[in-house]
Amino acid sequence: MNDNCYQSGRLLVILNEVKNLFNHNIMRIKSFLAASLLVFAVACTSNKTAGPIKVKVPARPAGQENAIALTVPAMDTVRVGFVGLGMRGSGAVPRFTYIPGVKIVALCDVVPENVERSQKTLENRGFPRAAEYSGDTEAYKQLCERDDIDLVYICTDWVHHIPVALYALEHGKNVACEVPSATNLQEIWDVINMVEKTRKHFIMLENCCYDFFELSCLSMAQAGLFGEILHVEGSYLHNLDPFWDEYWNNWRLDFNEKHKGDLYATHGLGPVAQVLNIHRGDRFKTLVAMETKAVNGPRNVEKRHGRKSEDFQNGDETSTMISTELGKTILIEHDVMTPRPYSRMYQLVGTDGYAGKYPIQQIVLRGDQFKETPSIEDFNTEKRLSREEIAEYQEKYRNPILTPELEALAKEVGGHGGMDFIMDYRLVYCLRNGLPLDMDVYDMAEWCCLAELGEISIKNGNMPVEVPDFTRGAWNQLKGFSYAFAK
């Protein structure tokens, strides 16, 4: 009896041990499964966020096709209407009086005094007074509705660029629009679709593509002087402290208060994008943007508006890195708030050479970089081309659009040293000869998209963002950037 009790007790102990072991293993199994599920969930999340943020590319409207190498019939006389005669427009009107084959038909500005100032410019240059449109922000519609205008030249504040441009395109006009032409992706796609529908030109007036150093370096790069271009840099560094109040209704400071990203990328980006043949054999692939905190922006608002800016959006400095389909990289910077000296950076880094414009012009070629064995501790042994040697290279590789006669006239007429005049002259030349323009609507899209795409990157912790193919599949249709010429 006692033995049976002992055996029964022993059996209960064994059963309890088995039960405890089973429960312990169950807990270990549960823990293992939970940990495995957590790892799987993290992996899934990581895979989801590791790639670039994708931005929707809307389908091309039915019946439309791309506008690559678009042309319009040649016109003997280019009849122009100007919309916006403030800071930029007031300088464009006199430049056009020096261009052959131009008739200035109409002038429009919300401020009547601006119109009258341009009328006096025409009179002083021996041109007849133009038709006038003024008084409100929709006066441009009457100008666009005229049937004796071929080109609408837009120099308004940024937020009116696209409304004016779309209305002009709808009414059968070619459009030239100041920078940045578009401020967001919706505006960009609206203009692309309208150009592809109407088959009329839209050019963004990026004057920095026509500056003398940039023109010559483009020719040198195309001739292979720098080898393969691997990396480029551009910027807009310009302390606007003395100029904020000159913008009508303080529109530029207000825009910076409301938006993040590189709001004025095109001066630095345009010239280097041409060197890289963007949508002419290569394309922007992804970008990453980051910014500093906003310090001087809120101070400017308080100084000029007498109020606190609790949520000033644009940082004092914004940096954007872009990678291309062919493995090139681009650095673009924007800073209009700090005392940094003016610079568009403009740097070309090639396998066999380098060119840079700011703070001084520099060209370095691999074969000439070291004339003797350098000292590792001496940073001054690298040879840079002298000013005279750079001038010789610029003449040897003179850009085909910049004849000596045009260069001399441009420097006489002026406009940022002459590049504004070259830009306008070249635009009229292409229209009069029925040629594709040097910069098309897709250039505008690619150079302006940094604003909203950069904002998306910044607001998502500096995540990479995929740059849309604004040509919708035609980015490789052309092989290299080139200028068109009349036969």
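Preceding this paragraph is the structure being described.
*Asks:* Can you walk me through the layout of surface pockets in this structure?
*Replies:* Empty space among the atoms can be located by rolling a probe the size of a water molecule over them. Considered as a void within the structure, the largest pocket measures approximately 860 Å³ in volume. Looking at the largest pocket, it is lined by 42 residues, and the ones nearest its centre are Met-87, Arg-88, Cys-155, Thr-156 and Trp-251. Looking at which element gives the most residues to the lining of the largest pocket, the answer is helix 5 (residues 158-170), with four residues. In terms of residue class, the lining of the largest pocket is made up of 22 nonpolar, eleven polar and nine charged. Approximately 290 Å³ is the volume attributed to the second largest pocket. For the second largest pocket, the lining is made up of 19 residues, of which Ala-69, Arg-280, Pro-436, Leu-437 and Leu-478 are closest to its centre. Residue classes in the lining of the second largest pocket are distributed as 13 nonpolar, three polar and three charged.

*Asks:* I'm lost on the environment of Cys-449 in this one. Help?
*Replies:* Mapping Cys-449 onto the fold places it in the loop between helix 15 (441-448) and helix 16 (450-459). The sequence separation of Cys-449 and Ala-265 amounts to 184 residues, and the corresponding C-alpha distance is 8.8 Å. When sequence neighbours within four positions are dropped, the list of residues in contact with Cys-449 reads Leu-185, Ile-188, Gly-454, Val-467 and Phe-470.

*Asks:* I'm lost on empty space enclosed by the protein in this one. Help?
*Replies:* What the rule picks out here adds up to three cavities of 30 Å³ or more. The computed volume of the largest cavity comes to approximately 40 Å³. If you go around the largest cavity, the residues you meet are Arg-283, Phe-284, Glu-446, Val-467, Pro-468, Asp-469 and Phe-470. For the lining of the largest cavity, the residue count by class is four nonpolar, no polar and three charged.

*Asks:* Can you help me understand the sheet that holds strand 11 (residues 347-350) in this one?
*Replies:* Sheet strands line up and pair through hydrogen bonds in the backbone, either parallel or antiparallel. Strand order in the open sheet formed by eight strands is 13-12-11-7-10-9-8-14, with mixed pairing between adjacent strands. Both edges of this open sheet fall to strand 13 (362-365) and strand 14 (465-466), since each of them pairs with a single strand only. Both strand 7 (residues 229-237) and strand 11 contribute to a ladder of four bridges, which runs antiparallel. Note on strand 11: the bridge partner recorded for His-231 is Val-349. Of the strands in this sheet, strand 8 (284-291), strand 9 (318-324), strand 10 (329-335) and strand 14 are in contact with helix 16, which crosses strand 8 at around 65 degrees.

*Asks:* I keep staring at the packing of aromatic side chains and nothing clicks. Help me out?
*Replies:* Each pair of aromatic rings is reported with the distance of its centres and the angle of its planes. What the rule picks out here adds up to 16 aromatic pairs. Summarising the aromatic geometry, the rings of Trp-158 and Trp-251 are spaced 5.1 Å apart at their centres and angled 65 degrees between planes, so their arrangement reads as edge-to-face. With Trp-158 in helix 5 and Trp-251 in helix 8 (residues 251-258), this pair connects stretches of sequence that are 93 residues apart. There is no split in this pair, since Trp-158 and Trp-251 are both buried. Taking the centre distance of 4.5 Å and the plane angle of 65 degrees together, the rings of Tyr-236 and Tyr-264 count as edge-to-face. Of the two residues, Tyr-236 is situated in strand 7 and Tyr-264 in the loop between helix 8 and helix 9 (266-275); the sequence distance between them amounts to 28 residues. Note on Tyr-236: relative accessible area 6%, which makes it buried. On the basis of relative accessible area, Tyr-264 is assigned to the buried category, the value being 10%. In textbook terms, an aromatic cluster arises when at least three aromatic residues are bridged by ring pairs, as seen for Trp-158, Tyr-236, Tyr-247, Trp-251, Phe-255, Tyr-264, Tyr-342 and Tyr-358. Over the ring of Phe-485 we find Arg-426; its NZ or CZ atom is 5.1 Å from the centre of that ring.

*Asks:* Help me understand helix 8 in this model?
*Replies:* Residues lying three or four places apart along an α-helix face the same way, a consequence of the helix completing one turn every 3.6 residues. Counting buried positions along helix 8 yields six of eight residues, so the element is predominantly enclosed. Within the sequence span of helix 8, burial applies to Trp-251, Arg-252, Leu-253, Phe-255, Asn-256 and Glu-257. Buried residues along helix 8 sit in contact with helix 5, strand 7, helix 10 (296-305) and strand 10.

So, how was this worked out
- Residues numbered from 1 in each chain as written.
- Predicted model: local features only at pLDDT ≥ 70, side-chain atom pairs only at ≥ 80, totals over all residues.
- Heavy atoms only, no water.
- 1 Å grid on protein atoms, 1.4 Å probe; cavity = no way out; pocket = protein on both sides within 12 Å on 5 of 7 lines; lining within 4 Å.
- Points joined across faces, edges and corners; volume = space filled by probe spheres on them.
- Helix = DSSP H or I, 4+ residues; strand = E, 2+ residues; numbered from the N terminus.
- Nonpolar A, V, L, I, M, F, W, Y, C, P; charged D, E, K, R; others polar.
- Contact = heavy atoms within 4.5 Å.
- Pairing = 2+ DSSP bridges.
- Axes fitted to C-alpha atoms, helices over the stretch in contact; angles between N-to-C directions.
- Phe/Tyr/Trp six-rings, centres within 6.5 Å; stacked < 30°, edge-to-face > 60°.
- Buried < 20%, exposed > 50% of the residue type's maximum accessible area, 1.4 Å probe, protein only.
- Lys NZ or Arg CZ within 6 Å of the ring centre and 35° of its normal.

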